[in-house]
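What the coordinates show
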Amino acid sequence: MSRTSLEGQVAVVTGAARGVGELLARKLSARGAKVALVGLEPDELKKVSQRLHADNDFWHADVTDHEAMTRVAQEVKERFGKVDIVVANAGVASGGPFVDSDPVAWRRVIEVNLIGSAVTGRAFLPVLTESRGYFLQIASLAAITPAPMMTAYCASKAGVEAFAHSLRAEVGHRGVRVGVGYLSWTDTDMVRGADQDEVMRELRQRLPWPANRTYPLGPAVDRIVAGIERRSPHVYAQWWLRGMQAVRGYLPGLVGTVGQREMRRFEPRLGGVAKGLVGAGGAADESARTERTERN
């Protein structure tokens with residue numbers, strides 16, 4: 001597929017304060033895109049904004065808040081005159097056995113990852129239709145294969161993959177292209193936060209190669225940028241993920257069989273697995289919700 005120059009394009013990136021979102025914003029800006037940063041951490045967003053090369057601005061908003069995201073979409077259009085690219089990247093994660101999970105944290109993973117992506121799409125689709133733009137939904141290896149101890153995250157990423165595929169069929173005739181981005185374990189605050197739990201770290205290390213590796217962030221984001229330039233329907237941050245599509249139908253049965261063995265091995269230690277959201281992004285989300293509760 002041919003590449004579209006990003007020079008002068010206006011790109012919105014949610015979850016832009018850190019990790020994939022932060023580096024993606026920097027790389028898009030380096031290619032001449034004007035970037036609108038959206039996230040929960042205004043101080044961190046300001047720091048990212050100050051490091052960007054091209055014109056940019058930032059908005060403090062919760063992607064699950066429809067009114068707030070509708071306002072952001074309007075303000076981004078007013079600020080830059082158009083929107084060409086929207087990357088629904090904001091996400092959180094939790095781990096551990098479902099039966100013992102914190103119901104609030106479990107629900108929040110679904111709210112941010114799935115509902116937040118839908119809210120983002122609903123808010124920005126009118127302006128993307130005007131520009132005949134591109135909506136990239138960040139999913140995960142977790143959308144392709146289920147995994148024990150990750151029920152909320154797998155459910156949310158399978159959900160956003162299906163959402164994006166459905167949306168592509170709805171809006172393609174209006175000139176809007178929709179892509180799904182797949183990442184395996186990538187060196188971000190979220191993955192490092194999950195690895196702080198000994199059981200979760202050991203479980204991941206026992207996955208078969210190449211799924212048991214942590215991959216560097218830079219090359220993964222380079223692949224995402226290339227996918228944006230091509231307006232690709234599927235973007236793979238690690239080379240081998242494309243091949244997983246061919247065998248995904250066999251994976252639930254395989255994981256179900258092997259997973260039982262692993263759960264039996266780790267069962268005496270499962271009670272110590274942390275139950276909240278993981279990483280700095282999870283902490284930021286919990287802090288923002290606490291502040292809203294105190295204000296109300």
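Residues numbered from 1 in each chain as written. Predicted model: local features only at pLDDT ≥ 70, side-chain atom pairs only at ≥ 80, totals over all residues. Heavy atoms only, no water.

What follows is about the pattern of salt bridges. The tally for this structure, following the rule as stated, stands at 26 salt bridges. One salt bridge in this structure joins Glu130 and Lys77, with 2.9 Å as the shortest N-O distance. With Glu130 in helix 4 (residues 103-131) and Lys77 in helix 3 (residues 66-80), this residue pair connects regions lying 53 residues apart in the sequence. Residue Glu130 is classed as exposed on the basis of its relative accessible area of 56%. (Salt bridge = Lys/Arg side-chain N within 4 Å of Asp/Glu carboxyl O. Helix = DSSP H or I, 4+ residues; strand = E, 2+ residues; numbered from the N terminus. Buried < 20%, exposed > 50% of the residue type's maximum accessible area, 1.4 Å probe, protein only.)

What follows deals with the nonpolar core. Most often, soluble globular proteins keep nonpolar side chains buried together rather than apart. If you look at the biggest cluster of nonpolar residues, it comprises 49 residues, and the most contacted ones within it are Val12, Met69, Val76, Val83, Phe124 and Tyr182. No other element matches the nine residues that helix 4 contributes to this core. If we skip the residues at most four places from it in the chain, Val76 touches Val10, Val12, Ala36, Trp59, Gly81, Lys82, Val83 and Phe124. Among the nonpolar cores identified, the runner-up in size contains 30 residues, and Val13, Val87, Leu217 and Ala237 belong to it. (Core = buried A, V, L, I, M, F, W, Y, C linked by side-chain atoms within 4.5 Å. Contact = heavy atoms within 4.5 Å.)

A word on the sheet that holds strand 4 (residues 85-88). One open sheet holds the seven strands; their spatial order is 3-2-1-4-5-6-7, and the pairing between them is parallel. The open sheet terminates on both sides in strands that have one partner only, identified here as strand 3 (56-60) and strand 7 (234-236). The average undirected angle you get between the axes of adjacent strands in this sheet is 15°. The pairing of strand 2 (residues 34-39) with strand 3 spans five bridges and is parallel. Bridge assignment links Leu37 to a residue of strand 3, and that residue is Phe58. (Pairing = 2+ DSSP bridges. Axes fitted to C-alpha atoms, helices over the stretch in contact; angles between N-to-C directions.)

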